[in-house]
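Residue-level listing of the chains:
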Amino acid sequence: AQSVTQLDSQVPVFEEAPVELRCNYSSSVSVYLFWYVQYPNQGLQLLLKYLSGSTLVKGINGFEAEFNKSQTSFHLRKPSVHISDTAEYFCAVSRYNNNDMRFGAGTRLTVKP
Amino acid sequence: DVKVTQSSRYLVKRTGEKVFLECVQDMDHENMFWYRQDPGLGLRLIYFSYDVKMKEKGDIPEGYSVSREKKERFSLILESASTNQTSMYLCASSLSGSSGSTGELFFGEGSRLTVL
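Report on the accompanying structure. (Residues numbered from 1 in each chain as written. Chains lettered and ligands numbered in written order. Predicted model: local features only at pLDDT ≥ 70, side-chain atom pairs only at ≥ 80, totals over all residues. Heavy atoms only, no water.)

## Some thoughts on the overall build of chain B
Point 1. Tallying secondary structure elements over chain B gives zero helices and 11 strands in all.
Point 2. The secondary structure elements of chain B, listed N-terminal to C-terminal, are β-β-β-β-β-β-β-β-β-β-β.
Point 3. The C-alpha radius of gyration of chain B comes to 13 Å, within 12% of the 13 Å expected for a compact globule of 116 residues.
Point 4. Judged by the C-alpha coordinates and their principal axes, chain B covers about 45 × 30 × 25 Å. (Helix = DSSP H or I, 4+ residues; strand = E, 2+ residues; numbered from the N terminus. Rg over C-alpha atoms; globule rule 2.2 N^0.38 Å.)

## As for the environment of A87 of chain A
Residue and element names in this part refer to chain A.
Point 1. Its location among the elements puts A87 in strand β10 (residues 87-95).
Point 2. By relative accessible area, A87 is classed as buried at 3%.
Point 3. Along the chain, A87 and F103 lie 16 residues apart, while their C-alpha atoms are 16 Å from each other.
Point 4. A87 has contacts with V37, Q38, Y39, T107, R108 and L109, leaving out every residue within four places of it along the chain. (Buried < 20%, exposed > 50% of the residue type's maximum accessible area, 1.4 Å probe, protein only. Contact = heavy atoms within 4.5 Å.)

## Considerations on the interface of chain A and chain B
Point 1. Contacts between the two partners involve 23 residues from chain A, matched on the other side by 26 residues from chain B.
Point 2. The junction of chain A with chain B conceals about 1800 Å² of combined surface from both sides, 49% of it contributed by carbon and sulfur atoms.
Point 3. For the interface between chain A and chain B, the tally reads seven residue pairs in polar contact (both at pLDDT 80 or more).
Point 4. At the level of elements, β5 (31-38), β6 (44-50), β10 and β11 (101-103) of chain A are the ones that each hand at least two residues to the side of chain A that touches chain B.
Point 5. Looking at which element gives the most residues to the side of chain A that touches chain B, the answer is β5 of chain A, with four residues.
Point 6. Looking at the side of chain A that touches chain B, its residues break down into 10 nonpolar, nine polar and four charged. (Buried area = accessible area lost by both parts, 1.4 Å probe. Polar contact = N/O pair within 3.5 Å; in protein donor to acceptor, adjacent residues only side chain to side chain. Nonpolar A, V, L, I, M, F, W, Y, C, P; charged D, E, K, R; others polar.)

## Topic: the pairing of strand β4 (residues 23-26) of chain A
All names here are of chain A.
Point 1. Covered by surrounding structure in β4 are C23 and Y25 only, the residues N24 and S26 on the alternate face being uncovered.
Point 2. Pairing analysis gives four bridges linking strand β1 (residues 3-6) to β4, with the strands arranged antiparallel. What sits directly across from S3, in β4, is S26. (Pairing = 2+ DSSP bridges.)

## Considerations on the state of the cysteines
Point 1. With the rule as written, the count across this model stands at two disulfides over all chains.
Point 2. Between C23 of chain A and C91 of chain A runs a disulfide, and the two sulfur atoms are separated by 2.0 Å. Between C23 of chain A and C91 of chain A, the disulfide has an S-S torsion of -65° and is therefore left-handed. Of this pair, C23 of chain A sits in strand β4 while C91 of chain A sits in strand β10, placing them 68 residues apart in sequence.
Point 3. Accessibility expressed as a relative area gives 0% for C23 of chain A, which makes it buried.
Point 4. Note that C23 of chain B is cross-linked by a disulfide to C91 of chain B, the S-S spacing being 1.9 Å. (Disulfide = S-S within 2.5 Å.)

## Points about the pairing of strand β2 (residues 10-14) of chain A
Residues and elements named next belong to chain A.
Point 1. Only one face of β2 is buried, namely the one carrying V11 and V13, since none of Q10, P12 and F14 on the opposite face is buried.
Point 2. As paired strands, β2 and strand β12 (residues 107-112) are joined by five bridges and run parallel to one another. Bridging from a neighbouring strand, V13 pairs with V111 of β12.

## Digging into the environment of R77 of chain A
Residue and element names in this part refer to chain A.
Point 1. Tracing the sequence through the fold places R77 in strand β9 (residues 73-78).
Point 2. R77 sits in the partly exposed class, given a relative accessible area of 28%.
Point 3. Sequence-wise, R77 and P18 are 59 residues apart; in three dimensions their C-alpha atoms are separated by 7.5 Å.
Point 4. With residues up to four places along the chain from it excluded, the contact list for R77 reads V19, E20, G62, F63, E64 and E66.
Point 5. At 2.8 Å, the side chain of R77 forms a polar contact with the side chain of E20.

So this is what it looks like as C-alpha cells:
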C-alpha cells in the first residue's frame, strides 16, 4: 500500500516569509497526490492536487506544490505567508483508480506577526 | 458544492455507553469513509463503504462498527465507548474509483468525542 511521510511536525514562520512544507510518499504504482488544509475546529479542505501533466501545481490561497517523481516528493510552498495561513496541513496519496487515500501525520504551520 | 454533514460537532459520553456518529452527504457519492484524527498521528482510516450495505475495515476498526443503509448516510458506532476512543472523528465521501475518480475526498467538519 502507499504511504506518506511529512518531514516536519511543526513549522513556525514570520508573516511575509516564504515557507515549504515537506512531503515524501512511497508507492509501487502511479499515484495521485493531494494537500489538504485544516483550520482550527474545522474539517479538511482541498488545497491542491496533482493528477498528471505539469509537475508544478497551483492551488488556492497562493500555495503551490511540485511533484518530483525521482525523489518521490510533493513539497508545498508559498512565497509569502499570512497570519491567516496558520493551520494544519496534510499531504495525502491515492492510487490510480483506487478508493484508498493515505494521509501523512500533518504539519502545523504557525505564522507569527 | 459537495456538502458532508456530521450530526454532532461535540459529544461527551461515559465509558461503556453506546455512541452513534452520523454522516450525510448530498452529492450521490458511492464511497464514504470514517477517519479518526489524533495529534501526531494524522488521519487513520477506521472503516469505509463503497456501496449501500457494503463495508470494509480500515487500519483501526477495533471497537467500532458501521452501518450504511442508504447511499447518502454512513454511521459510525462505538458499541461500548472507552476513554481511548476520545478523539476527533471525520467523515468523508468520494466518487467511485471505477468511475475515473481521483479519490479526492470531501470532508465534514468533524465530531469531537470525549469519553469520560
